[in-house]
Amino acid sequence: MVNPPNPFASEAAPVPSTRWTGLPVERREDAALLTGTGRFADDLGVLPDTLHAAFVRSPHAHARVNGIDASAALASAGVRAVLTGEDVKRWGAPFVVGVKAPMQHWCLALDKVRYVGEPVALVVAENRYLAEDAADLVRVEYAPLPVTVDIEHAAANGAPLLHDAVGSNVISDRSFVYGDPDAAFAAAPHRVRLKVRYPRNSCTPIEGFVAVAEHLAGDDGYDVLSNFMGPFSLHAVMALALKVTSNKLRLRMPRDSGGSFGVKQAIFPYLVAICLASRKAGAPVKWVEDRLEHLVAATSATGRVSTIEAAVERDGRILALAYDQLDDVGGYLRAPEPATFYRMHGCLTGAYDVQHLRVRNRVVVTNKTPAGLVRGFGGPQVYFALERLINRIAVELNLDPVGVYLRNFVPRNAFPYRAPAGALIDSGDYQGALELASVEGGLADLRKRRDQARAEGRLYGIGFAAIVEPSISSMGYITTVMSREARAKAGPKSGAIATATVGVDPLGGVNVSVASVPQGQGHITVLTQVVADVFGLRPGDIAVDVELDTRKDAWSVASGNYSSRFAGAVAGAAHLAAIRLRAKLAVIAAAQFGCHEGDIVFENARVFPRSEPARAVAFTRMASGPHWAPALLPPGVEPGLRETAFWTPEVLAAPDEQDRINTSAAYGFVFDICGLEIDRATGKVRVDRYVTTHDAGTLLNPALADGQIRGGFAQGLGAALMEQFAYAPDGAFLSGTFADYLVPTAMDVPEPVIVHMQTPSPFTPLGAKGLGEGNNMSTPACIANAIADALGPAVDPESIVLPMTPSKILALIGMPDPPPAGRARSDTPRRPGSGQALVMSGAVELVASPEAVFAVLLDPAALASVIPGCHELKAVGENRYAAELTLGIGLVKARYAAEVALSEIDPPRSLRLAGRGIGSLGAIEGSGKVKLVPAGSFTRLEYEYEVAVSGKIAAVGGRMLEGAARVILDQLFERLGRRALRRKEGGPGERAGFWQRLLRVLRMTR
Amino acid sequence: MKPAAFDYIRADTADEAVAALAEYGDDARILAGGQSLMAILNMRLAQPKVLIDIHRTGDLSGIEARSDRLRVRAAVTQAGLERHPRIESLVPLLAQALPHIGHFQTRNRGTVCGSIAHADPGAELPLCLATLGGEVVLRSKNARRTMAAQDFFTGMLQTARTPEEMVEEVCFPLACDGEHHGFIEVSMRHGDFAVVALAAVAGADGIRLGVGGVADRAQVARWPRLRGAALDEALNQLAWDLGAQDDQHASAAYRRHLVRTLGRQLIDKMDAP
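Residues numbered from 1 in each chain as written. Chains lettered and ligands numbered in written order. Predicted model: local features only at pLDDT ≥ 70, side-chain atom pairs only at ≥ 80, totals over all residues.

*Asks:* Help me out: how do you make sense of the overall build of chain A in this one?
*Replies:* What chain A contains, in helices and strands, is 25 helices and 36 strands. Radius of gyration (C-alpha) of chain A: 32 Å, near the 30 Å computed for a compact globule of 1006 residues. If you line up chain A on its principal axes, its C-alpha atoms span 115 × 75 × 55 Å. Each of the 1006 residues in chain A was classed as buried or not, and the buried ones make up 57%. Taking the contacts inside chain A whose residues are at least 6 apart along the sequence as the reference set, 77% of them involve residues at least 24 apart. (Helix = DSSP H or I, 4+ residues; strand = E, 2+ residues; numbered from the N terminus. Rg over C-alpha atoms; globule rule 2.2 N^0.38 Å. Buried ≥ 20, exposed ≤ 12 C-beta atoms within 10 Å, placed from the backbone. Contact = placed C-beta atoms within 7 Å.)

Right under this line is the structure:
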């Protein structure tokens, strides 16, 4: 291993001078990963009788579940059990959550489904193929209910209620006042206000959820292997849902992970379901989430609507801030939500020295996938509002944005700085970071490029974003959502303990284990660096175990890999455990050398008294001795060379009486500059240069830090320009594949200019802070500001809505859309992004009388021959039929159990022909008014149809849905015309030439 | 995302493949590169009972320039065509379009004929074939027929192929002297299906402009050499005739706009070589 000198070394680091910490040491994890010998959850062996699970999921966004018939599934080959809500009610309990409300969330839906993809049943079979075969045979009887997907609509009176007992879709409504914002707003010369929306998106790890659960014999509870990543406060949530004591839920996590970015927190309801499935099947059960399941139903960042306002002096100085935020948490409030709000609560004033703050937070349920941890957690939503607002202050007051930043930043001599909502911002130099970014990032050059581009009529913009990046969360911040009285009753909470164990084995090998559950960041590498330095060893001498077993390892509620807690908390705890063990070894060595323990030096894999280096013995010899000869231990020294450190940040406490909460132990800083150009012809954005400046305290491994920054930047860029979980107005989910949920590829991500500065944290053992989430927070806002700058001040600031797709951007630039010559404009404009609310109207001419056409519609046998793909039509009432349909285009076909109904019958003038069906690919519903107008020897058939498609076919086929619906309507009317003609003529209507011509007439118009 | 059960037949020759098609008809599907089919099977959007793998047939490989046509056999991958040493001079439009098809990994598996048979409205190869006015050779156990591209593509994912037939070969007309070709595509990311793709061939007799990604199949306009306002008017007419639709990525108006502006760009460029 070659170690170049560390260009980022800090003089001010609080740890003793070190050799390895701070160097860009190569990742120790990669040899296994690059040679295909990683140990991922799905790779690990399972017991020979392990069964496999497949979920039955709701195709409806909102429906009552009136019954489940699993008999056909149970009769299917290889099926061993089907778990339903009945079982879950018998053996389990609903999940607990931080907001007290009469709202129940179980691991399988009971009486109601509230989002597309919600698990309704679970089939357990001998392999996954057989389980999926049988899952398609489970018949669920749904009664669809009205849907609400828009946050503001859901929060308004009269919206369909998701949880009837709550009486509102607003599950929590809390207001906070810090300082005197009213006075500040009243006195300020300017008020700048902006309403913004943050979309639902995610970070989509390449590896989905994996769970292997076994219900143990007797009352031994459950043993679970999974790629759960914490926070381990959720262990308690799972144990309670399984109705076992926490020591009867054993969780084991493997060494390697295919990524998480917070997302794998959301596996926990599935772990409960798989545990119960194992109980029902009487065997271990394994489930590996597939890509479709992951995109549809795993988790999402909260969508947010924020109205933010600043009271501003003439020079741009912000006197007060006011937030009114509505968070879209999806169908259920799922732990740890509403943490998306409260993680950021203490530092809502961002990087700015503002003492007056007003906040209103409303948590809203909608018919979408429940929200949860997604890298940046809460930051992207807050900073998109706050940093867009800074841009608006500069624009509205005609100020240089850089000046606005410099005027408002927390001053460099003010740290630790207490923000009004409670954050104790540990360290920083925001002005210095901006200056560094400007110089190293070439801001002056970017401005020249902008001037030149604009002179040539091109659209070039520069954007900025400044964000405070919290790391090492207090588990207690979530209690800020409770009233003071409720908090007092529940007891103060501030859990944030990190744990690490360092031990020496009988040949003097150093072993480290941590309750961290890395998701690919390189924790093993960093821990070898940190611990090697304590013992004067090389990183290669240190063995690190990052597997976690709740039965064997030291862990606590805050354990896990989230809130950027590794560098600050976990590596720090490992450092402390190693220091403690070194102190013990020093006592032992001092006895042998006959010197004071403070004089013992650990260096170059040797141990010696400072004054007598010639007497040095190998570390391995010194450290193995106590195993082999405990009798030689000095008096008072206990046997055993293994130390576990529990570290908790002293600066974290429960929310105080005034609702102030120091939400995190450390706060890094990011300042970004983006220069970009928009192609006038296509609306595409080309990032010209992206500069990102990070101050994350002491850097433990700058190469890994840069990797984190590049990854976060790619995800931030995706959020800015492409990524979104799209829903149709009827709640159908439309982003079920990576062809529709667009993640930027290597082709789409430019290399950012990364600039570092290091202002060590006084509050963490190594002076380190988190830095992995910063660009997820800063980049969406920075790119949006640059786009706004490129489009110019005439563009409505509230129309900068992520993701800024080329289509949206071009609509803002303005694209002339002249009607074709000699024709009035014929398309009806639709709300952009309204997706698959298919409304189709048009007219066709049929060569038969209205009476003949009507007769076909009223004759069941004839109607059966007219409906495309109709196998069977049985009357179930007057003009109501049960049908089996196969609908599709090309090779794509889906079978539906359907109901067809005729109503509003006014012969021979009009009627309504409606149908709805459900099948393994989802649900469809169509209803249309059909009018027959005589036109000479023809009948003009006018129709107006609304078609809703939901479930799998909508999730994966969005691009073709409208076209497919047209094809099927086309077939319907073509067959209707043919059948009516045949009836009229009493013979086969097979006149090919004529029909060819008619088919050309049948071209639909909207 | 596991396919329903199916039987797998590995055909060693084209005869074996069409014999199996004759036996199983609509219950069977040809598996060539599998770049669309396998995803469709895994999502259970289709559940054919039999897959007939032609990947290793000896007599369905090969690219041949013969009698004004570049003939591409059923097992030829997109990468195989892209790497053909004379592709730029034989069918320059293909040389321009092929890099837009997915990614090199998918082009290494995906076949030319498979893309034609699948008839995705946003795919590049059907657009090129339609614009160039090529043909599709359909073969069944007892017959072989050649069909013009415009008759072959009948709609979204729909073609005139009968269940007993397989696409044995597609024929791209070779470029003539004095012909100019242009291809331009806007997609959300490189390698995605086109939001709008335009292919153009300009010759002495006029211009053919093909549009993919907008209507239910590639649509080709044939115009004399128009310029200026007449060209804009024709492009606007075409933009509206395609019946563009909104989806979650792009509005219908955006698609019309691209047809107009990129169409103009493409044709202007060919006018000024």
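Still more to cover.
*Asks:* Before we go on, may I ask you to explain the interface of chain A and chain B in this structure?
*Replies:* Size of an interface: often given as the accessible area lost when the parts come together. Across the contact, 49 residues belong to chain A and 43 residues belong to chain B. Among the secondary structure elements, those contributing two or more residues to the side of chain A that touches chain B are α4 (128-135), α9 (291-297), α21 (806-813), β33 (892-906) and α24 (952-985) of chain A. Grouping the amino acids of the side of chain A that touches chain B by side-chain chemistry returns 25 nonpolar, 10 polar and 14 charged. (Nonpolar A, V, L, I, M, F, W, Y, C, P; charged D, E, K, R; others polar.)

*Asks:* Would you mind going over the sheet that holds strand β29 (residues 753-757) of chain A with me for this structure?
*Replies:* Adjacent strands of a sheet form backbone hydrogen bonds with each other and so pair up, either parallel or antiparallel. All names here are of chain A. Within the open sheet, the 4 strands sit side by side as β18-β27-β28-β29. Their pairing is mixed. Looking at which strands have only one partner, the edges of the open sheet turn out to be β18 (459-473) and β29. Taking each pair of neighbouring strands and ignoring which way they run, the sheet shows an average axis angle of 15 degrees. Across the face of the sheet, helix α14 (residues 443-455) comes into contact with β18, β27 (664-678) and β28 (685-695) while running at roughly 145 degrees to β18. (Pairing = 2+ DSSP bridges. Axes fitted to C-alpha atoms, helices over the stretch in contact; angles between N-to-C directions.)

*Asks:* Any chance you could explain the packing of helix α19 (residues 702-721) of chain A against helix α20 (residues 774-791) of chain A here in plain terms?
*Replies:* Each packed pair of helices is defined by two parameters, the angle between the axes and the distance between the axes. Residues and elements named next belong to chain A. Two elements in contact, α19 and α20, have axes separated by 7 Å at closest approach and are oriented at 40 degrees. One finds that α19 runs oblique with respect to α20. Crossing of α19 against α20: the hand is right-handed. Residue-level contacts link Ile709, Gly712, Phe713, Gln715, Gly716, Leu717, Ala719, Ala720 and Leu721 of α19 to Gly774, Asn775, Asn776, Ser778, Thr779, Pro780, Ile783 and Ala784 of α20. Split into classes, the residues belonging to the contact of α19 with α20 amount to 9 nonpolar, 8 polar and no charged. (Parallel < 35°, antiparallel > 145°, perpendicular 65-115°, else oblique. Left-handed = near helix turned anticlockwise from the far one by under 90°.)

*Asks:* Just checking my understanding: could you explain α20 of chain A for this structure?
*Replies:* The periodicity of an α-helix, 3.6 residues per turn, causes residues three or four places apart in sequence to face the same way. All names here are of chain A. Its 18 residues place the ends of α20 26 Å apart at the C-alpha level, agreeing with the 26 Å of an ideal helix rising 1.5 Å per residue. For α20, a buried count of 18 out of 18 residues is recorded, marking the element as mostly surrounded by other parts of the structure. Backbone geometry just after α20 places glycine 792 at a positive phi near 95 degrees. (Expected span 1.5 Å × (residues − 1).)

*Asks:* Any chance you could explain the nonpolar core here in plain terms?
*Replies:* Soluble globular proteins tend to bury their nonpolar side chains together. Residues and elements named next belong to chain A. Ranked by size, the top nonpolar core spans 425 residues in total, and within it Val123, Val124, Leu271, Val531, Ala574 and Ile787 carry the most contacts. Here the element with the most residues in this core is helix α17 (residues 566-593); it accounts for 16 residues. Not counting residues within four places of it along the chain, the set of residues in contact with valine 124 comprises Leu51, Ala53, Arg80, Ala81, Leu83, Ala131, Ala277, Ala281 and Val285. (Core = buried A, V, L, I, M, F, W, Y, C linked by C-beta atoms within 7 Å.)

*Asks:* Would you explain the sheet that holds strand β3 (residues 50-53) of chain B in this entry?
*Replies:* All names here are of chain B. Taken in spatial order, the 3 strands make up an open sheet running β1-β3-β2, and their pairing is parallel. Edge positions in the sheet fall to β1 (7-10) and β2 (28-31), since each has one partner strand and no second. Between one strand axis and the next, the sheet turns by 25 degrees as a mean value, whatever way the strands run. Of the strand pairs in this sheet, β1 and β3 are connected by 4 bridges, and their pairing is parallel. Looking across to β3, one finds that aspartate 7 is bridged to valine 50. Relative to β3, helix α1 (residues 14-24) is tilted by about 165 degrees, and along the sheet it contacts β1, β2 and β3.

*Asks:* Can you help me understand the confidence of the model for chain A in this one?
*Replies:* When pLDDT is low, close inspection of the predicted coordinates is not appropriate. Residues and elements named next belong to chain A. Confidence along chain A averages 93 in pLDDT terms, with 94% of residues attaining 70 or more. Counted against residues more than four places away or in other chains, residues 1-17, with its pLDDT under 50, gives 24 contacts. Low pLDDT, under 50, characterises residues 985-1006; the stretch is placed with 25 contacts to residues that sit more than four places away or in other chains. (pLDDT = per-residue confidence, 0-100.)

*Asks:* Looking at this model, I keep getting lost on the environment of phenylalanine 384 of chain A. Mind explaining?
*Replies:* Residue and element names in this part refer to chain A. Relative to the assigned elements, phenylalanine 384 resides in helix α11 (residues 379-396). Phenylalanine 384 sits 594 residues away from arginine 978 along the chain, and the two C-alpha atoms are 57 Å apart. Once residues within four sequence positions are removed from consideration, phenylalanine 384 is found in contact with Val196, Tyr198, Pro780, Ala781 and Ala784.

*Asks:* When you look at unusual backbone geometry in this model, what are you seeing that I'm missing?
*Replies:* Excluding glycine, a negative phi dihedral is what most residues carry, and trans is how most peptide bonds are arranged. Each neighbour pair has its own omega, and for glycine 230 of chain A with proline 231 of chain A the value is 0 degrees, a cis peptide bond. Counting through the fold element by element, proline 231 of chain A comes out in the loop between β10 (222-226) and α7 (233-242). Residue alanine 335 of chain A is joined to proline 336 of chain A through a cis peptide bond whose omega torsion reads 5 degrees. You can see proline 336 of chain A is positioned in the loop between β14 (318-330) and α10 (339-342). Backbone geometry places aspartate 68 of chain B, a non-glycine residue, at a positive phi of 70 degrees. Within the fold, aspartate 68 of chain B resides in the loop between β4 (63-66) and β5 (69-73). A count of 10 C-beta atoms within 10 Å places aspartate 68 of chain B in the exposed class.

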